[in-house]
Amino acid sequence: MTYLNLSSNDLRGSIPIELSRIGNLDTLDISNNRITGSIPSSLGDLEHLLKLNLSRNHLTGCIPAEFGNLRSVMEIDLSNNHLSGVIPQELGQLQNMFSLRVENNNLSGDVTSLINCLSLTVLNVSYNNLGGDIPTGNNFSRFSPDSFIGNPGLCGYWLSSPCHQSHPTERVAISKAAILGIALGALVILLMILVAACRPHNPIPFPDGSLDKPVTYSTPKLVILHMNMALHVYEDIMRMTENLSEKYIIGCGASSTVYKCVLKNCKPVAIKRLYSHNTQCLKEFETELETAGSIKHRNLVCLQGYSLSPSGNLLFYDYMENGSLWDLLHGPTKKKKLDWETRLQIALGAAQGLAYLHHDCSPRIIHRDVKSSNILLDKDFEAHLTDFGIAKVLCSSKSHTSTYIMGTIGYIDPEYARTSRLTEKSDVYSYGIVLLELLTGRKAVDNESNLHHLILSKTTNNAVMETVDPDITATCKDLGVVKKVFQLALLCTKKQPSDRPTMHEVTRVLGSLVPATAPKQTALTTTPPAPLPSSKVPCYMDEYANLKTPHMVNCSSMTMSTSDAQLFLKFGEVISQTVSDEAVQ
């Protein structure tokens, strides 16, 4: 068993220690019950656990220090209980944890133990009895005040409650030396103000710009990677955007803000301003950017240039008129309803870009963060992968790289999260989730709903087609093709990486499903498409024709027939067989 969800029942009593014997468990959710007692320390033995949710119960006692053994865990939610004691120092060892919620408990002590959780992006310790100073390093500077409210003893410069106040009845005695020091300090400050006022000064160049100006001391250098920006210097960019004024913002993310800038040649570029200004290895980071700038492909967003400095790191990309795929599928105001043919072309374009990174770059590149918000669309709704510049360039002699978990929740390969072993198949898994988004119009993760888990639950009763986006059913003439893309998405998200297809195989499958009347993107790419199977090897479409005739596809009811399981299995076998036969030839 890998998934156990007993939430929102009326369970009582204590947590059984026998749960720790389910060695392969990656999700344990017993939230919203009436469970009492303490948290068993033996839960720390679940070394494969990715998500632990014990919230909204009546648990007492301390947070077990043994939780420090959960090296793969990504989410821990212990909120709304009656837990006491301190936040264990051992939690600071969880380098893969990106979400920790312990609000509405009786915890004491401070939060300094969490400063080493470098992946932590969601933190809520509000309404406890915590105290001490709130750290300002690492990710803590990005957490909102709401993460810490309700702890009168916590001190932070942006918290509304005063800290370290003296008691009202206390009188503080001030010595004559202290008074003299204060007077001398005030006099020095006054003299500095007078000197500054008398000196001639240049007018502020951008009075209408934002208060958060990236230019503070010296002017950073603009590194040009392509001729599109060759006529510009850093001052030009700042002048055109009024020092990156808020009115030029076109998007905000967890790690950056994106601005639009129209160059002298009237071509727009997108400026990505990174939140983190302290790159640990600046030279290595710059080398990766130059490598990313050298990669050109029709389905990859081109990095035009960059500027790195203590006052702000800026990346300059091609501007994409139709924003991201995430915006079109899930944005607050959908600009355009995506018909089936457009979605299929987007899926094919993104697959071709990813296949180029995996198979045609030397050295090969793993994207690390494939998701719908990293698939941008130009004026013709052609897909372009972005943010591959932050991927690690792997040596061809290595089959994998080990690191702390990178990626976005909902898209992360569970095998990668468990082992920290990153391969191209981790990107394939994330791409499969994007395919499910295109097919259903749903988010990868929406509140507590996981899209992949939803689709897997639908396969048990042949009800996958019930999740199809209505915009697809209204525009698709053959829902049998939609079913095949579902099968491809499920192949991409198989638990074992070795069972997943390569991105070259994915592009061949999708290319065979694109209508003959539609323009083929493969003819437009800068690199030749992967060779099609020879006549001696049965192609995917032939296999489908042999397994299922058109009249067996029940489009009206949108339900999967009883032979879909065999068809899905055969689909994977055909991909594997085709690859092995091509290798022999």
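For every chain, the first residue of the written sequence is number 1, and numbering continues from 1 along that sequence. pLDDT decides what is reported in this predicted model: residues at 70 or higher carry local features, side-chain atom pairs at 80 or more are listed and counted, and totals for whole chains, interfaces and linings draw on all residues regardless. Side-chain metrics rest on all non-hydrogen atoms present in the structure, leaving aside hydrogens and water.

**A few points about the overall build of the protein**
Only DSSP runs of H or I reaching four residues or more are called helices, and only runs of E reaching two or more are called strands; each is numbered from the N terminus. The helix and strand inventory of the protein stands at 13 helices and 24 strands. Relative accessible area decides the class of each residue, using a 1.4 Å probe on protein chains only: under 20% of the type maximum gives buried, over 50% gives exposed, and in between gives partly exposed. Looking at the 585 residues of the protein, the share that counts as buried comes to 48%. Taking the contacts inside the protein whose residues are at least 6 apart along the sequence as the reference set, 58% of them involve residues at least 24 apart. All accessible areas in this document rest on Shrake-Rupley with a 1.4 Å probe, and a residue is counted as covered only by the protein chains that are shown. Total accessible area on the protein is roughly 29100 Å²; 55% of this is exposed by carbon and sulfur atoms. Contacts: residue pairs with any heavy atoms within 4.5 Å of one another.

**What to know about the packing of helix 5 (residues 340–360) against helix 7 (residues 424–440)**
Here the axes come from fitting lines to C-alpha atoms, over the contacting stretch only for helices, and the angles between their N-to-C directions go from 0 to 180 degrees. Following both chains from N to C, one finds helix 5 and helix 7 inclined at 170 degrees, their axes separated by 11 Å at the closest point. Classified by the angle between their axes, helix 5 and helix 7 sit roughly antiparallel to one another. Together, W340, R343, A347, L348, A350, A351, L354 and H358 of helix 5 and E424, D427, Y431, L435, L438 and L439 of helix 7 make up the contact between the two elements. Residues are grouped as follows: Ala, Val, Leu, Ile, Met, Phe, Trp, Tyr, Cys and Pro are nonpolar; Asp, Glu, Lys and Arg are charged; all remaining types, including Gly, are polar. In terms of residue class, the contact of helix 5 with helix 7 is made up of ten nonpolar, one polar and three charged. Roughly parallel refers to an angle under 35 degrees, roughly antiparallel to one over 145, roughly perpendicular to one between 65 and 115, and oblique to any angle outside these ranges.

**Regarding the UniProt feature "binding site: ATP" (unreviewed entry) in the protein**
Mapped onto the present numbering, the UniProt feature "binding site: ATP" (unreviewed entry) falls at K272. Structurally, K272 can be placed in strand 16 (residues 268–274). Once you skip the residues sitting within four places of it in the chain, K272 turns out to touch S256, T257, V258, N313, L314, L315, Y317 and D387. UniProt positions are given in the numbering used here, feature names are shortened, and annotations may be inferred rather than shown by experiment.

**Describing the pattern of salt bridges**
Pairs can form between side chains of opposite charge once their charged atoms are near each other. Any Lys or Arg side-chain nitrogen located within 4 Å of an Asp or Glu carboxyl oxygen qualifies as a salt bridge. For the structure on display, the rule yields 15 salt bridges. Here R239 makes a salt bridge to D236, at a shortest N to O gap of 3.4 Å. Placement of both R239 and D236 in helix 2 (residues 234–240) is noted, with a separation of three residues, approximately one turn of the helix. Among the ionic pairs, D369 bridges to K371, the shortest N-O distance being 3.4 Å. With a relative accessible area of 14%, D369 lands in the buried category.

**Considering helix 5**
One less than the number of residues in a helix, times 1.5 Å, gives the span that helix is expected to have. With 21 residues, helix 5 should reach 30 Å at 1.5 Å per residue; the first-to-last C-alpha distance of 29 Å fits that figure. Most of helix 5 sits inside the fold, with 18 of its 21 residues counted as buried.

**Things to note about the sheet that holds strand 1 (residues 3–5)**
Reading across the sheet, the six strands line up as 1-3-5-6-8-10 and stay open at both edges, with parallel pairing between neighbours. Of all strands in the sheet, those bounded by a partner on one side alone are strand 1 and strand 10 (122–124). With strand direction ignored, the average angle separating the axes of adjacent strands in the sheet is 10 degrees. Alignment of strand 8 (residues 99–101) against strand 10, held across three bridges, turns out to be parallel. Of the residues in strand 10, the one forming a bridge with S99 is V122. Strands pair, by our definition, only if DSSP identifies at least two bridges between them.

**Thoughts on the pairing of strand 18 (residues 313–318)**
Across the six residues that make up strand 18, a large majority, five, are buried. Pairing of strand 16 with strand 18 involves six bridges; the strand directions are antiparallel. Counterpart to A270 in the pairing with strand 18 is Y317. Here strand 17 (residues 303–307) pairs with strand 18 via four bridges, running antiparallel. Pairing of G305 across the sheet is with F316, part of strand 18.

**A few points about the packing of helix 10 (residues 479–492) against helix 11 (residues 503–513)**
The geometry of helix 10 relative to helix 11 is characterised by a closest axis approach of 11 Å and an angle of 175 degrees between their N-to-C directions. Considering the angle they form, helix 10 stands roughly antiparallel to helix 11. On the side of helix 10, the interface is formed by V481, K484, V485, L488 and C492, while helix 11 contributes V506, V509, L510 and L513. Its residues assigned to classes, the contact of helix 10 with helix 11 comprises eight nonpolar, no polar and one charged.

**With respect to a nonpolar patch on the surface**
Taken together, the side chains of L180, L184, L187, L190, L191 and L194 present a nonpolar region at the surface, about 580 Å² in accessible area. On the secondary structure map, L187 appears in helix 1 (residues 176–198). Here a patch means residues that are over 30% exposed by relative accessible area and free of salt bridges, tied together within 9 Å if like-charged and within 5 Å if nonpolar (Val, Leu, Ile, Met, Phe, Trp, Tyr).

**Describing the sheet that holds strand 14 (residues 249–252)**
Within a sheet, each strand pairs with its neighbour through backbone hydrogen bonds, oriented either parallel or antiparallel. Taking strand neighbours across the sheet as the criterion, the six strands line up as 13-17-18-16-15-14 in an open arrangement whose pairing is antiparallel. Unpaired on one side and paired on the other, strand 13 (223–224) and strand 14 mark the two borders of the sheet. Bridge count for strand 14 against strand 15 (residues 256–262) is three bridges, and the pairing is antiparallel. Bridging across to strand 15, G251 finds its partner in V258.

**Digging into the nonpolar core**
Among the buried residues, those of types Ala, Val, Leu, Ile, Met, Phe, Trp, Tyr and Cys that are joined through side-chain atoms within 4.5 Å form a nonpolar core. Residues W340, Y431, V482, F486 and L510 are the most contacted members of the largest nonpolar core, which totals 72 residues. When sequence neighbours within four positions are dropped, the list of residues in contact with L510 reads L344, A347, L348, A351, Y431, V485 and L488. By size, the runner-up hydrophobic cluster in this structure holds 40 residues, among which are L43, I87, L91 and F143.

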